[in-house]
Amino acid sequence: MAKPPVKKSIFARVPRLPLAFLGIALYRAWIELAFVGSYLGTSLQAETSRNLFDGTMVVVFLLGAIFAKQLSPLIRKRTAHWMALSFLLVSTTCVVIGAIHPDMTNALMWPAAICGGIGVAVIVILWSELYGCLGPVRVALYYSASIVAAALIVYTMKGFLFPWFATFLFMLPIGSLVSLSLAFDSLSEKERPSAPFAEATFPWKLAIWMAAYSFAYGLAQSQLTTSTFGPHSSPGVLAIGAFVFFGVALRKRKFDFSAIFHVALPLAVAAFLFVPVVGDFNQTFTALCIAAAYTACSILLMIILTNMCYRQGISALWLFCIERSVRMIFNALGREARDPILELSIGIDSSYILSIVVVILVIVSSIILLTERSITAQWGIGIKTSDAKRAEEIVREDLLKNRSREIALNYRLSLREEEILTLLAQRKRNTAIASELFISEQTVKTHIRNLYKKLDVHSRDELFDLVENIDAKRATASSIDEDYR
C-alpha cells in the first residue's frame, strides 16, 4: 500500500536565500542609523542635513538618467563601486566624529550629507542594476527579505554601546558592496547586464503613480520621523516585508502580486481617515499604517521596474534614476506643503483637511495603478529599440513562454513541470534551473525525466524541436500574465 505524501511544514517550504542578494538591507540600515533616524541625536540628523542629503541624491539620480546611455551598465565599472564606498566611509566618519564632538557638527554637516547622498545614490543604482537581472519571483523574495533584515539590523544596533555602534556603522556600507560583488559574480555572463539597452519612452504612468503616492507620503512623513521607529524600521515595514516574503515563498509563481497593492490602499485610508475619527493614540498606529502602505507600494514598484529591465532589456540605471528622482522630488514637495495645509483656517480641523488630501492622492494613484492588469504591462513605456537583435530575443522569449504554456495545457503538465519546461526551452542548464526555482539539481533531473515521459521525447534536442515548432497563428509576442502569479 502506497504511503500518503508527507505534507511539508510552512518553514520547510520556505526557500533558502542566497545571503549575498540581501545586501540591500545593509545600506538601508545605514541610511536610517546615520541620517534618517534619531539614535545619535546630533544636528547631522536634523531636517536641514536630511534635506541636503536627499537633494544630493536627486542631483545624482538626474545626472544618471541624463547620461544613462554612456554609463550603463554601471555595475560592471569597479570605479563606481570604489566611489560609492569611499563617499559612504567619509560620510560615516563625519557622522561618528559629530557624535563624539557635538561642537563640530555644523562644520561636518555639509560633507556628511553630500558624501552620504552621493554614496547612497550610487549604491542604489548598482543594486537596481543587479536586481534588474532577476525574474520577478526572485526580486520579490530577495527585496522583501532585505526589508525585513534591514529593520532587524536597526533594532539590534540601537541597543549597542557607542563604540560598537560606530564600528558596525562603518561595516554596513562595506558589507553591502561586498555582497553586491558576490551576488554579481554568482550570475552567469548571459544574465549580467550589458550594452546596448533597449531604448524606451518616458515611463509617464509610473511617474504619475509615484508622484501622487510620494507627495501623499511626504505630507505624512513627519509622523514617521517623530515616532519611536524610523521609516526603515517601523513595525509596519517589517510586517509588509514578511507578508510579501512568505506569500511569494509559499506560492511562488501562483502568488498574486496585485495583493501587495490591495493591502496598501486600506492601510493608507485607515491611517488618515479611520484613526483620526476614532482617536489617534500617540500617532504610533498611524505611523505604522503609513510606513506599511508606502513599503507595499515600494516593493510592487521594485518588482515592476526590474521586470521591465529583465524582460525588455531597458537600462536599469535610466529607469531607476527616473523613478527615484520623481519619488524624492515629490516627497520633498509633500513635506513642504504640510505646514501650509495645516495652517488653513476654513472652519474645519486642519488635521482632517490633511487627511482628506492624502487619501484623495492615494486614491488617484490607485486608479492609475488599477488601469494596468499585471506587472507585465507596459505602464506607459514604449519600446523603441534600435537593437534588432535584442528586440528579436525579447519576442522569441515571449513566444517560447507561450508555447510552453500551450504544451503544458495539452499534455496536462503540473505547474512545476511547466516551469521546468519553460526554463529548458530557454536553454538553461540544470544548475541554473535549480537556482531559479529553489530546488535541488536531483529534483530538476527527476522533473525532466517525467517531462520526457509525458511529452514522449528522449533528448533535449527533441524537446527543443517540440517547443520551437511554434504555430504563428496561436503564439503572440506577449507573455501570459499567469506566468507571474
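Now for a description of the structure that goes with this document. (Residues numbered from 1 in each chain as written. Predicted model: local features only at pLDDT ≥ 70, side-chain atom pairs only at ≥ 80, totals over all residues. Heavy atoms only, no water.)

Its 17 residues place the ends of helix H9 (residues 204-220) 24 Å apart at the C-alpha level, agreeing with the 24 Å of an ideal helix rising 1.5 Å per residue. Within H9, 14 of the 17 residues are buried, which leaves it mostly tucked inside the rest of the structure. (Helix = DSSP H or I, 4+ residues; strand = E, 2+ residues; numbered from the N terminus. Expected span 1.5 Å × (residues − 1). Buried < 20%, exposed > 50% of the residue type's maximum accessible area, 1.4 Å probe, protein only.)

The next point concerns the packing of aromatic side chains. If you walk through the whole model with that rule in mind, you get six aromatic pairs. On the numbers, 6.4 Å between centres and 80° between planes, the contact of tyrosine 131 with tyrosine 143 is edge-to-face. Of the two residues, tyrosine 131 is situated in helix H6 (residues 105-131) and tyrosine 143 in helix H7 (residues 136-157); the sequence distance between them amounts to 12 residues. Classification of tyrosine 143 as buried rests on a relative accessible area of 5%. With centroids separated by 5.2 Å and ring planes inclined at 75°, the aromatic side chains of phenylalanine 245 and phenylalanine 246 adopt a geometry described as edge-to-face. Assessed through its relative accessible area of 10%, phenylalanine 245 is described here as buried. An aromatic cluster of at least three residues, connected via ring pairs, comprises Trp127, Tyr131 and Tyr143. Looking at arginine 192, its charged tip hangs above the ring of phenylalanine 184, at a distance of 4.7 Å from the centre. (Phe/Tyr/Trp six-rings, centres within 6.5 Å; stacked < 30°, edge-to-face > 60°. Lys NZ or Arg CZ within 6 Å of the ring centre and 35° of its normal.)

With that settled, the discussion passes to the environment of threonine 295. In this fold, threonine 295 is placed in helix H13 (residues 284-312). Given a relative accessible area of 7%, threonine 295 falls into the buried group. Sequence-wise, threonine 295 and serine 144 are 151 residues apart; in three dimensions their C-alpha atoms are separated by 9.5 Å.

For the rest of this paragraph, the subject is unusual backbone geometry. Note that the residue after serine 72, namely proline 73, is joined by a cis bond; omega there is -10°. Among the secondary structure elements, proline 73 is positioned in the loop between helix H4 (68-71) and helix H5 (78-100). The phi dihedral of arginine 412 falls on the positive side, at around 55°, and the residue is not glycine. Mapped onto the secondary structure, arginine 412 falls in the loop between helix H16 (388-410) and helix H17 (415-425). Even without glycine at this site, arginine 427 takes up a positive phi of about 65°. As for its placement among the helices and strands, arginine 427 is situated in the loop between H17 and helix H18 (430-437).

Looking now at the pattern of salt bridges. In the structure shown here, the tally under the stated rule is five salt bridges. A salt bridge links arginine 78 to aspartate 185; the shortest N-O distance between them is 3.8 Å. Of this pair, arginine 78 sits in helix H5 while aspartate 185 sits in helix H8 (residues 162-186), and the two are 107 residues apart along the sequence. Given a relative accessible area of 44%, aspartate 185 falls into the partly exposed group. Between glutamate 323 and arginine 327 there is a salt bridge whose closest N-O contact spans 2.5 Å. Of this pair, glutamate 323 and arginine 327 both sit in helix H14 (residues 316-342), four residues apart, which is roughly one turn of that helix. Accessibility expressed as a relative area gives 12% for arginine 327, which makes it buried. Through salt bridges with shared partners, a single ionic network connects Glu323, Arg324 and Arg327. (Salt bridge = Lys/Arg side-chain N within 4 Å of Asp/Glu carboxyl O.)

Residues Asp456, Asp461, Glu462 and Asp465 make up a contiguous surface patch of negative charge. By the element assignment, aspartate 456 lies in the loop between helix H19 (441-455) and helix H20 (460-468). On the accessibility criterion, aspartate 456 (58% relative accessible area) is exposed. (Patch = residues over 30% accessible without salt bridge, like charges linked within 9 Å, V, L, I, M, F, W, Y side chains within 5 Å. Areas by Shrake-Rupley, 256 points an atom, 1.4 Å probe, with all protein chains shown as cover. Lys, Arg positive; Asp, Glu negative; His and termini not counted. Charge placed at Lys NZ, Arg CZ, Asp CG, Glu CD.)

One broad trend across soluble globular proteins is that nonpolar side chains are buried collectively. Counting residues in each nonpolar core, the largest one holds 119 residues, and the members touching the most others are Trp30, Leu130, Tyr131, Trp209 and Ile260. Ignoring any residue separated from it by four or fewer positions in sequence, one finds isoleucine 260 in contact with Val244, Phe255, Ala296, Ile299, Leu300 and Ile303. Leu421, Ile433, Ile448 and Leu463 belong to the second largest nonpolar core, which has 22 residues in total. (Core = buried A, V, L, I, M, F, W, Y, C linked by side-chain atoms within 4.5 Å. Contact = heavy atoms within 4.5 Å.)

The subject of this paragraph is the side chain of serine 315. Positionally, serine 315 belongs in the loop between H13 and H14. Those residues in contact with serine 315, other than ones at most four positions away along the chain, are Ala68, Ser72, Phe197 and Cys309.

This next bit is on H18. Within the span of H18, buried status applies to Asn430, Ile433, Ala434, Glu436 and Leu437. Here the buried residues of H18 occupy an arc of 170° about the axis, which is enough to place them on one side. (Arc of directions from axis to C-beta.)

Geometry only, nothing functional implied.
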